[in-house]
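# Structure at a glance
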Amino acid sequence: GGQGRAVEHGQAEHVPAGLTHPAGPDLEYDVGTLRPGESRTLELALEAAQAGTATNLLVARAEGNLLVEDRLDVEVVAPRLELALDGPTRRFLEREAAYEVSVRNPGTATAEEVELVAYLPPGLKFLRANNRGHYDAAKRAVFWRLAELPINETGTVELVTVPVQAGQQKIRLRSTAQKGLEVEKEHPVVIDGIAALMFEVVDVTDPVGIGGETTYEIRVVNQGTKAAGNVRLAIDLPAELRPVAAEGPARNTLEGNRVLFEPLARLAPKADTTYRLRARALQAGDLRVRVQLLADELQSPVVKEESTRVYSDE
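These remarks concern the structure in this document. These numbers were taken from a predicted model, which means no experiment stands behind them.

Cut-offs applied
Residues numbered from 1 in each chain as written. Predicted model: local features only at pLDDT ≥ 70, side-chain atom pairs only at ≥ 80, totals over all residues. Heavy atoms only, no water. Helix = DSSP H or I, 4+ residues; strand = E, 2+ residues; numbered from the N terminus. Buried < 20%, exposed > 50% of the residue type's maximum accessible area, 1.4 Å probe, protein only. Contact = heavy atoms within 4.5 Å. Areas by Shrake-Rupley, 256 points an atom, 1.4 Å probe, with all protein chains shown as cover. Pairing = 2+ DSSP bridges. Axes fitted to C-alpha atoms, helices over the stretch in contact; angles between N-to-C directions. Patch = residues over 30% accessible without salt bridge, like charges linked within 9 Å, V, L, I, M, F, W, Y side chains within 5 Å. Salt bridge = Lys/Arg side-chain N within 4 Å of Asp/Glu carboxyl O. Lys, Arg positive; Asp, Glu negative; His and termini not counted. Charge placed at Lys NZ, Arg CZ, Asp CG, Glu CD. Polar contact = N/O pair within 3.5 Å; in protein donor to acceptor, adjacent residues only side chain to side chain.

Okay, the overall build of the protein chain next. Counting secondary structure elements, the protein chain contains zero helices and 26 strands. Here the protein chain, with 314 residues, has 36% of them falling under the buried criterion. By sequence separation, contacts in the protein chain at least 24 residues apart represent 68% of the contacts at least 6 residues apart. With the model as given, the accessible surface of the protein chain reaches about 18100 Å², and the carbon-plus-sulfur share is 45%.

With that settled, the discussion passes to the sheet that holds strand 11 (residues 124-129). Read from one edge of the open sheet, four strands run 7-9-14-11, paired in antiparallel fashion. Each of the sheet's edge strands pairs with one partner strand only, and the pair in question is strand 7 (82-86) and strand 11. When the angles between neighbouring strand axes are averaged without regard to direction, this sheet yields 30°. Examined bridge by bridge, strand 9 (residues 97-104) and strand 14 (residues 154-163) share eight bridges and lie antiparallel to one another.

A cluster of acidic residues, E112, E113, E148 and E153, forms a negative patch on the protein surface. Residue placement: E113 occurs in strand 10 (residues 111-119). You can call E113 exposed: its relative accessible area is 53%.

Mapped onto the fold, N130 is located in the loop between strand 11 and strand 12 (134-136). A C-alpha to C-alpha distance of 9.7 Å links N130 and T156, two positions 26 residues apart in sequence. Once residues within four sequence positions are removed from consideration, N130 is found in contact with W144, V157 and E158.

Moving on, we get to the pattern of salt bridges. Within this structure, the stated rule accounts for 20 salt bridges. With a closest N to O distance of 2.8 Å, R258 and D236 form a salt bridge. With R258 in strand 23 (residues 258-267) and D236 in strand 20 (residues 228-236), this residue pair connects regions lying 22 residues apart in the sequence. When its relative accessible area of 26% is taken as the criterion, R258 is described as partly exposed. Between D286 and R288 there is a salt bridge, and its shortest N-O distance comes to 3.6 Å.

Turning our attention to the sheet that holds strand 17 (residues 197-203). Here four strands make up an open sheet; going across it, the order is 17-19-24-21 and the pairing antiparallel. The strands lining the two open edges of the sheet, one partner per strand, are strand 17 and strand 21 (241-247). Neighbour-to-neighbour, the strand axes of the sheet open up by a mean angle of 20°, direction not taken into account.

Turning to the pairing of strand 22 (residues 252-255), a few remarks are in order. Pairing geometry for strand 22 and strand 23, over four bridges, is antiparallel. Note on strand 23: the bridge partner recorded for N252 is F261. The hairpin turn running from strand 22 into strand 23, its antiparallel successor, is two residues long, and G256 in that turn takes a positive phi close to 65°.

Take the side chain of D203 next. Residue position: D203 is located in strand 17. No salt bridge is formed by the buried D203; its nearest oppositely charged neighbour, R309, is found at 9.5 Å. One polar contact links D203 to T308, side chain to side chain, over a distance of 2.9 Å. In this view, D203 contacts T214, T215, Y216, E306, S307 and T308; residues no more than four positions away in its chain are not counted.

The following block contains the structure:
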């Protein structure tokens, strides 16, 4: 207005994106009459809703088409959390699986009272954790606490598990901090078993005289964590030995001096089976019987020999 005249004033506020007010995004306030040289201070409380730069626009109006604007840039800072897990996505049963779990703060403020949790699936058994990680067996979860996580810093912990159940598994990570900050991440793990076959050959009678008989026992063991499929056994005798009878978990056929056992469809983990072959000695000497083992899980046959001494009474 003119000099010396009191003027009616009003104020308008457009709440910028990233800030909020309970009354909504557009606010108005009737300041009233301002005399010449008089000023009045008003307080506007806005709440930060998201991090970033917010430009606040304030408009004052008065009689006589008086209009003035003021802009203020406000930098809103806030912490953020990012989760990462480094470790195997495929593992064999009963073989330790170690994981490195990390939480990073790429935000613009320190994260306070950070908690990190790793939830284990049924197929992974907790073994140990560092940095005072606490395992809750009822929740199948490992908990770590960090007092704070400064800007651009990373907290890293180690988790060691043992696979105990085959199949598709999943580790779930969760991290929280003050002001309702929360983030989750999943890490898939495929657990496989492995068949580990071994066998031993023993001749029951050694030495044996010409015309006498001895029995060869072949014990096959699956020391692994997965069933072995189509286990096959072949026994080759030297000309000085004649096969008499054979028995085992599968039927057998005789081809000259070779005994072939039909495939055993499945040998379970930690299970064993025994094959037997009875043979008669025809001539004296240090005679060697050759046993060959094959299975779907073996890339090449496993071969062993057993020596039997045949003597003459003369």
